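Spelled out from the first residue to the last, the chains are:
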Amino acid sequence: MSGFHAGLDYWFRLKKRRIEFAPELSFSKFSFENETGKLNHAQAALFFNTAFYVFDLKSDCNCPTFSKDGNLFSKGFFLEIAPGFSLIKNETEQERDFETFKNEESNLSFGGSLGAGIDFGFSDIFTLTPIARFYHNPTFKWGILNEEYSPTQLNQLFIGLRLRLHFKEIAKSRYR
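Only a predicted model underlies this, so the values are computations on that prediction, with no experimental measurement involved.

(A) The pairing of strand β8 (residues 126–137), seen in detail. Residues Thr127, Thr129, Ile131, Arg133, Tyr135 and Asn137 point to one face of β8 and are all buried, whereas Phe126, Leu128, Pro130, Ala132, Phe134 and His136, pointing to the other face, are not buried. In terms of strand pairing, strand β6 (residues 99–118) meets β8 through six bridges, oriented antiparallel. Note that in β8 the partner of Gly117 across the bridge is Ile131. In this structure, strand β7 (residues 120–121) lies alongside β8, joined through two bridges in antiparallel fashion. Bridge pairing in β8 links Phe120 to Leu128. The antiparallel hairpin formed by β7 and β8 contains four residues in its connecting segment. Where β8 meets strand β9 (residues 154–165), 12 bridges bridge the pair, whose relative direction is antiparallel. Considered in β9, the bridge of Leu128 is made with Leu163.

Structure (structure tokens):
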């Protein structure tokens, strides 16, 4: 299924290591349709994103990346782990034997993601980050009418962009 994913996060970090935290509240919506039915999937989630800048781990992180010395890869590349949970709602509609069957189910699913990305700091004020994540929710139940084909987990591949505004840097620039 394809769809969209949007979220807001709050960024903070360790003082003496390049480990950054960004708890994220997000919303996703996906849909799928074929000749036998439809599936609409909506998801509200809370994840605790933790980024490890593996090539710059011992740095004091004079962030954002734009201000750091060194090459782009060593100062901007990170690996990410994110435990979390999702509130999920599925609506299915299936055609069988000239009848339409509808089902709606919601559930809470615990899981997490693994990812990688690279920060491109365009100024002290904003950073653009291409990022890829693999989400795995092993406790998920699809609630599809035909239980024989209903998987009991949810795996998602996310490839996207994150735009991060550094509000502290914006406040600093007003007083310079």
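(B) Up close: the nonpolar core. If you look at the biggest cluster of nonpolar residues, it comprises nine residues: Ala45, Phe47, Ala51, Tyr53, Phe78, Ala82, Ile131, Tyr135 and Phe158. Of all the secondary-structure elements, those providing two or more residues to this core are β4 (37–52), β5 (77–96) and β8. If one sorts the elements of this core by residue count, β4 sits on top with three residues. Ala45 has contacts with Glu24, Leu25, Ser26, Phe85 and Ser86, leaving out every residue within four places of it along the chain.

(C) Representation of a nonpolar patch on the surface within the structure. Taken together, the side chains of Phe52, Val54, Phe55, Leu57, Phe73, Leu79, Ile81 and Leu114 make up a nonpolar region of the molecular surface, amounting to roughly 690 Å² of accessible area. One can find Phe55 in the loop between β4 and α1 (72–76). Residue Phe55 is classed as partly exposed on the basis of its relative accessible area of 48%.

(D) Broad picture of the environment of His136. As for its position among the elements, His136 is in strand β8. Separated by 18 residues in sequence, His136 and Leu154 have C-alpha atoms that sit 5.9 Å apart. The residues contacting His136, other than those within four sequence positions of it, are Gly111, Gly112, Gln153, Leu154 and Asn155. A distance of 2.5 Å separates the side chain of His136 from the side chain of Asn155, its partner in a polar contact.

(E) Region of the structure containing the side chain of Arg164. Here Arg164 shows up in strand β9. The exposure class of Arg164 is buried, given its relative accessible area of 10%. Of note is the side chain of Arg164, whose polar atom sits 2.9 Å from the side chain of Asp9. Setting aside residues no more than four positions away along its own chain, Arg164 makes contact with Asp9, Trp11, Glu20, Ala22, Ile125, Phe126 and Thr127.

About the thresholds
Residues numbered from 1 in each chain as written. Predicted model: local features only at pLDDT ≥ 70, side-chain atom pairs only at ≥ 80, totals over all residues. Heavy atoms only, no water. Buried < 20%, exposed > 50% of the residue type's maximum accessible area, 1.4 Å probe, protein only. Helix = DSSP H or I, 4+ residues; strand = E, 2+ residues; numbered from the N terminus. Pairing = 2+ DSSP bridges. Core = buried A, V, L, I, M, F, W, Y, C linked by side-chain atoms within 4.5 Å. Contact = heavy atoms within 4.5 Å. Patch = residues over 30% accessible without salt bridge, like charges linked within 9 Å, V, L, I, M, F, W, Y side chains within 5 Å. Areas by Shrake-Rupley, 256 points an atom, 1.4 Å probe, with all protein chains shown as cover. Salt bridge = Lys/Arg side-chain N within 4 Å of Asp/Glu carboxyl O. Polar contact = N/O pair within 3.5 Å; in protein donor to acceptor, adjacent residues only side chain to side chain.

By themselves, these observations are geometric and do not establish any function.
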